[in-house]
Structures are given as C-alpha cells and as structure tokens.
Protein chains: 2
Amino acid sequence: MEEIALTPVSYLVLGEVARHGSATPYDLKVSVAQSVGNFWSFPHAQLYKEPPRLAAAGLLREEREETGRRRRTFRITDDGRRALAAWLAAGDSGRTELRDPGLLKLAFSDLGQPGDAVRLARGQAVAHRAQLEVYRQLAALPADAMPWSLRRTLELGLGYERIAAEFWERLAADPGLIRAAAPPPDPADA
Amino acid sequence: MEEIALTPVSYLVLGEVARHGSATPYDLKVSVAQSVGNFWSFPHAQLYKEPPRLAAAGLLREEREETGRRRRTFRITDDGRRALAAWLAAGDSGRTELRDPGLLKLAFSDLGQPGDAVRLARGQAVAHRAQLEVYRQLAALPADAMPWSLRRTLELGLGYERIAAEFWERLAADPGLIRAAAPPPDPADA
DNA sequence: ACTCACACCATACGTTTCGGACTATAGTCG
DNA sequence: CGACTATAGTCCGAAACGTATGGTGTGAGT
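Draft legend 1. View of the overall build of chain A. Helix and strand counts for chain A stand at seven helices and four strands. Going residue by residue from the N terminus, the α and β elements of chain A occur as α-β-α-α-β-β-α-β-α-α-α. In summary, chain A has a C-alpha radius of gyration of 22 Å against a globular reference of 16 Å for 190 residues, an excess of more than 25%. As displayed, chain A offers around 9,300 Å² of accessible surface, 54% of which is attributable to carbon and sulfur atoms. Within chain A, one finds 25 positive and 25 negative side-chain charges whose respective centroids are separated by 4 Å.

Draft legend 2. Representation of the packing of helix H2 (residues 25-33) of chain A against helix H3 (residues 46-56) of chain A within the structure. All names here are of chain A. In the contact formed by H2 and H3, the axes pass within 9 Å of each other and the chain directions differ by 125°. In terms of orientation, H2 and H3 fall into the oblique class. Along this stretch, H2 crosses H3, giving a crossing that reads as right-handed. Each of Pro-25, Tyr-26, Leu-28, Lys-29 and Val-32 in H2 lies in contact with H3, whose residues at this interface are Leu-47, Tyr-48 and Pro-51.

Draft legend 3. Structural view of the pattern of salt bridges. For the coordinates displayed, the defined rule picks out 22 salt bridges over all chains. One salt bridge in this structure joins Glu-169 of chain A and Arg-129 of chain A, with 2.7 Å as the shortest N-O distance. Here Glu-169 of chain A is found in helix H7 (residues 148-173), whereas its partner Arg-129 of chain A is found in helix H6 (residues 114-139), with 40 residues between them in sequence. The class for Glu-169 of chain A is partly exposed, based on a relative accessible area of 30%. Here Arg-152 of chain B makes a salt bridge to Glu-155 of chain B, at a shortest N to O gap of 2.9 Å. One end of the pair, Arg-152 of chain B, and the other, Glu-155 of chain B, are both in helix H7 (residues 148-173), three residues apart, so they sit about a helical turn from each other. Using a relative accessible area of 7% as the deciding quantity, one classes Arg-152 of chain B as buried. Connected through salt bridges with shared partners, the residues Arg-61, Glu-63 and Arg-75 of chain A form a single ionic network.

Draft legend 4. Looking closely at a nonpolar patch on the surface. All names here are of chain A. There is a patch of nonpolar side chains on the surface, built from Tyr-26, Val-30 and Tyr-48 and spanning about 300 Å² of accessible area. One can find Val-30 in helix H2. Residue Val-30 is classed as partly exposed on the basis of its relative accessible area of 42%.

Draft legend 5. Structural detail: the relation of the copies chain B and chain A. Rotating chain B by 180° about the axis while translating it 0.0 Å along that axis superimposes it on chain A, leaving an RMSD of 0.0 Å. The transformation just described matches what one would write down for a two-fold rotation axis. Considering only C-alpha atoms, the residue of chain B closest to the rotation axis is Leu-98 of chain B, which sits at 2.3 Å. Mapped onto chain A, 90% of the interface residues of chain B are again interface residues, and the two copies thus contact each other with one and the same surface.

Draft legend 6. Expanded view of the environment of Ala-33 of chain A. All names here are of chain A. Mapped onto the fold, Ala-33 is located in helix H2. In this structure Ala-33 comes out as exposed when scored by relative accessible area, which is 52%. Here the alpha-carbon distance between Ala-33 and His-44, two residues eleven residues apart in the chain, equals 8.9 Å. When neighbours within four sequence positions are excluded, Ala-33 is seen to be in contact with Leu-28 and Asn-38.

Draft legend 7. Representation of the confidence of the model for chain A in the model. When the pLDDT values of chain A are averaged, the result is 90; 90% of them are 70 or greater. Within the model, the stretch residues 180-190 of chain A combines pLDDT values under 50 with 20 contacts to residues more than four positions away or in other chains.

Draft legend 8. Layout of the environment of Ser-10 of chain A. Residue and element names in this part refer to chain A. With respect to the secondary-structure elements, Ser-10 resides in helix H1 (residues 8-20). Given a relative accessible area of 0%, Ser-10 falls into the buried group. Between the C-alpha atoms of Ser-10 and Pro-52, which are 42 residues apart in sequence, the distance is 11 Å. Non-local contacts of Ser-10, meaning those with residues more than four positions away in its chain, are made with Ala-5, Glu-50, Arg-53 and Leu-54.

Draft legend 9. Region of the structure containing the sheet that holds strand S2 (residues 60-64) of chain A. All names here are of chain A. Reading across the sheet, the three strands line up as S1-S3-S2 and stay open at both edges, with antiparallel pairing between neighbours. This sheet does not close on itself; its edge strands, each paired only once, are strand S1 (22-23) and S2. Bridge count for S2 against strand S3 (residues 72-76) is five bridges, and the pairing is antiparallel. Residue pairing across strands places Leu-60 opposite Ile-76, the latter belonging to S3.

Draft legend 10. Spatial organisation of the side chain of Glu-50 of chain B. Residues and elements named next belong to chain B. When you line up the elements, Glu-50 lands in helix H3 (residues 46-56). Among the polar contacts made by the side chain of Glu-50, one reaches the side chain of Arg-53 at a distance of 2.6 Å. Not counting residues up to four positions away in its chain, the partners in contact with Glu-50 are Val-9, Ser-10 and Val-13.

Draft legend 11. A look at H2 of chain A. Residue and element names in this part refer to chain A. Considered for burial, the residues of H2 that qualify are Pro-25, Leu-28, Ser-31 and Val-32. The buried side chains of H2 occupy one side of the element, clustering within an arc of 130° when seen end-on. Tucked inside the fold, the buried residues of H2 contact H1, S1, H3 and S3.

Draft legend 12. Just the interface of chain B and chain A, in detail. Taken residue by residue, the interface counts 73 residues in chain B and 73 residues in chain A. Of the roughly 7,100 Å² buried between chain B and chain A on both sides combined, carbon and sulfur atoms contribute 64%. Taken together, the links from chain B to chain A amount to two salt bridges. Across the pair Arg-19 of chain B and Asp-110 of chain A runs a salt bridge, and its minimum N-O distance is 2.4 Å. Between the two partners, chain B and chain A, sit 22 residue pairs in polar contact (both at pLDDT 80 or more). Elements with a contribution of two residues or more to the side of chain B that touches chain A: helix H1 (8-20), strand S2 (72-76), helix H4 (78-89), strand S3 (97-99), helix H5 (101-107), helix H6 (114-139) and H7 of chain B. Considering each element in turn, the side of chain B that touches chain A owes the most residues, 14 residues, to H7 of chain B. Residues of the side of chain B that touches chain A, tallied by class, amount to 37 nonpolar, 17 polar and 19 charged. Summarising the sheet, strand S4 (residues 97-99) of chain A and S3 of chain B pair through three bridges and their orientation is antiparallel. For Leu-98 of chain A, the partnering residue across the bridge sits in S3 of chain B and is Leu-98 of chain B.

Cut-offs and rules
- Residues numbered from 1 in each chain as written.
- Chains lettered and ligands numbered in written order.
- Predicted model: local features only at pLDDT ≥ 70, side-chain atom pairs only at ≥ 80, totals over all residues.
- Heavy atoms only, no water.
- Helix = DSSP H or I, 4+ residues; strand = E, 2+ residues; numbered from the N terminus.
- Rg over C-alpha atoms; globule rule 2.2 N^0.38 Å.
- Areas by Shrake-Rupley, 256 points an atom, 1.4 Å probe, with all protein chains shown as cover.
- Lys, Arg positive; Asp, Glu negative; His and termini not counted.
- Charge placed at Lys NZ, Arg CZ, Asp CG, Glu CD.
- Axes fitted to C-alpha atoms, helices over the stretch in contact; angles between N-to-C directions.
- Parallel < 35°, antiparallel > 145°, perpendicular 65-115°, else oblique.
- Left-handed = near helix turned anticlockwise from the far one by under 90°.
- Contact = heavy atoms within 4.5 Å.
- Salt bridge = Lys/Arg side-chain N within 4 Å of Asp/Glu carboxyl O.
- Buried < 20%, exposed > 50% of the residue type's maximum accessible area, 1.4 Å probe, protein only.
- Patch = residues over 30% accessible without salt bridge, like charges linked within 9 Å, V, L, I, M, F, W, Y side chains within 5 Å.
- Least-squares fit on C-alpha atoms with pLDDT ≥ 70 in both.
- pLDDT = per-residue confidence, 0-100.
- Pairing = 2+ DSSP bridges.
- Polar contact = N/O pair within 3.5 Å; in protein donor to acceptor, adjacent residues only side chain to side chain.
- Arc of directions from axis to C-beta.
- Buried area = accessible area lost by both parts, 1.4 Å probe.
- Nonpolar A, V, L, I, M, F, W, Y, C, P; charged D, E, K, R; others polar.

Have a look at this one:
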C-alpha cells in the first residue's frame, strides 16, 4: 500500500471506474475518447499505467484473467471512493491549460503573407465545424445515455466550438480583419 | 549547424524574436506571458532552452554580454525567417489540446454531493470572470499596442471566456441543472 | 557613501509525461 | 483453413515539466 500523488488523470480513472462499476484499461480508453477526453488530453498509454498504480495504493482492486488476453479488470475500493469524494468536494481545481496551434499561428500571421491567414482560417473553420458536429451527435443521444454532469460539459464544449467556428469563418470571409505583413522594426540584421 | 525538429514552441520563439527585432529569454518570458502564452501554455524555462537550440541550428543568432549578467540576446537569421514563413504558409496546424480541471471535475460531479457542483461552479465563474477582465484590459489598449493578428486572437479569447463565465454562472444559479448523486449501477435516470 | 533588502533574471536537474511504434490476440470472411 | 482486419496492450527513448535555487542590479534609508 504505497503513498502516491494523485493527478487529474488519477481522478479521471477513479471516476470512470466508479461510474461503470468495473473497467479494463481498454474500456477506459474507449469511453474516455468520446467523453472526458475532449477536455482533458493525454496519451492513451496512461490508461494502462495509471490503474495498476492506483491499485498499488489501494484505491482500486485488480482482477486479472488467467487465460487468453489476461485482461485486467479494475473496481474501485472504499478508499478509492473516499479519495474521489474528497477531490469532488474540494473547491479548487488548478489552472486550465490550452494549446491551440491554430491560434498560435494566427498570432504570428502578421509576419507572413496575407493569404496565409486566410488559408489558416478556412482550415480552422472546417475543423471546428467538424468538432461541433461531433458534439451535436453526442448531445442528440437519449437522456439516459450519459449522466447529467457529462451532458453539462458537452454543453460548454458546444458553446466553445460554436464560438470558434463563427470566429474563423468571419476571419476567412472578411479581408478587412487581415492586414498586410508588417516588417519588424529592425534595420540592421542578418 | 545541427538538424533539429521544430516544435510549436520553436515557432513561438522565432515569431516573437522576429517581431521584436531582438530579445533576451527574459524579454520573451515577459511578452509571452500576456500574449501568446494565454493559449499556448508551457513552463518559462523553455524560453531559456529553446533559443540556444535554435541558434545551434542557425535559425537565430546569439550575442552575449561579456559582463555582469551576461545576458544573451537573440536575433533572427534569414534561415530563421524562412522557417517561420514556411510554417505560416503551411495550412495544417496540429491538434488542439485542452486541459480544464474544472470541466473534468464537473464531468464526475454526479458521483459527489450536489453541493460540490454548486461550489465548483461558483469558483469557476469567478475565475473566468477574472480572466475575462484581463482580456478586456488588454483589448482596451490602443490600436498600435499590438499587431492586428494578436488582437484577433484576443477576440476569440474574449469569446471563450464570456461563454465560460456565463455557463458557470448559469450552473451556479440554477439548481435544476444539477441533480442528486446517482450511484453507478442504477439504470433509472431523470 | 554604504549596505541591506528586494525585485529582476537565469539555469540546473530529478521526475514525469509524451506519443508513436510495435506486438499480440480475437474475430471475420472467402 | 488461411488471410485479413479490428481489438487490445506494451515499451521506451526523447522531451517537457516545473520548481528550487542562486546569482545580479538598484535604490531607499541612514
């Protein structure tokens, strides 16, 4: 029963296991991909590493098939439930992190050709429309397909994507929003 | 002149140096913190590691003070400008990554006490209002305080924060959006 | 003029994460 | 039955993380 530090992914796993009663890492991978994975990105390999780690700390219980694929199935323990409840009850929540390559590129678009920004905007508009559609499909599912809490997050996701799609479309359509390249205020230089 | 892989942070540094003509890592740290850092998070130590790396690849030129703090000042080279231009011209842009601890917690709120979600929502509302205000201050700066491209990104940031603030406020105010805790193996749901 | 305190600036470093390549097992279809 | 595809799981070197920590300039107070 080791002491371990619990990261957001730890709670994600605890929560997901608690919700489904039991889960294999692959189950997690699949279910996370279209729910909570949309606003907490991380490599799927984590879902194979984290549960055994939580099991070692006594927060999950592990059962392993003795045959074939030797799947590992995890269930939450009372300690795990307590840890999850404590996290949920804590008001804080840490700083949110965003990494949007499109926005990054846009930020420096003044250093490129005017056409660059337009092309970027068109691409981003398509991408965000697509994601918006994904969310729409999920939101169209019957009420009992997901817990209310997950549906709420979906609503914010929908809001984000709608704003983003409109933003990039406006940018792609209105040349006035994109100006000519401005050379850096630097005379002597390589 | 080594071959190196260029990451988003590489372009961020190239762009920032190109824009200002020259910069020390600290200059970058300060200017990034209130501009592009808002949608591309990373630890500031990177800004001390990346420029020398780019210099080794011939994309930046380094000058170091011989005295006192021995500050390193970087300027972009023609190769650097070419690399930056190529990146700006490329339509793609990589997958956007989001890590929002608040949204993560909300997603699992059905496993906690009803009060948890309300408390969370209140905290998030305050945090997003604050960030919204930061953006508003930046947006109120005179037109020549930042390039048009950066202003555009600010507008999307403003949009995101407004949506988020409204979302969390609605959640905090309307108990109907938050239901009682639902035990996992329960098929009946509202 | 001195010095003390604080803000500014810079980097080192142990730990964790990244992310993709790779392997293995199960199911399916001709 | 054999070949192909989808499912499921693992590995590992490279890169990023993020904080602790230690210099350096400056100016306020005496």
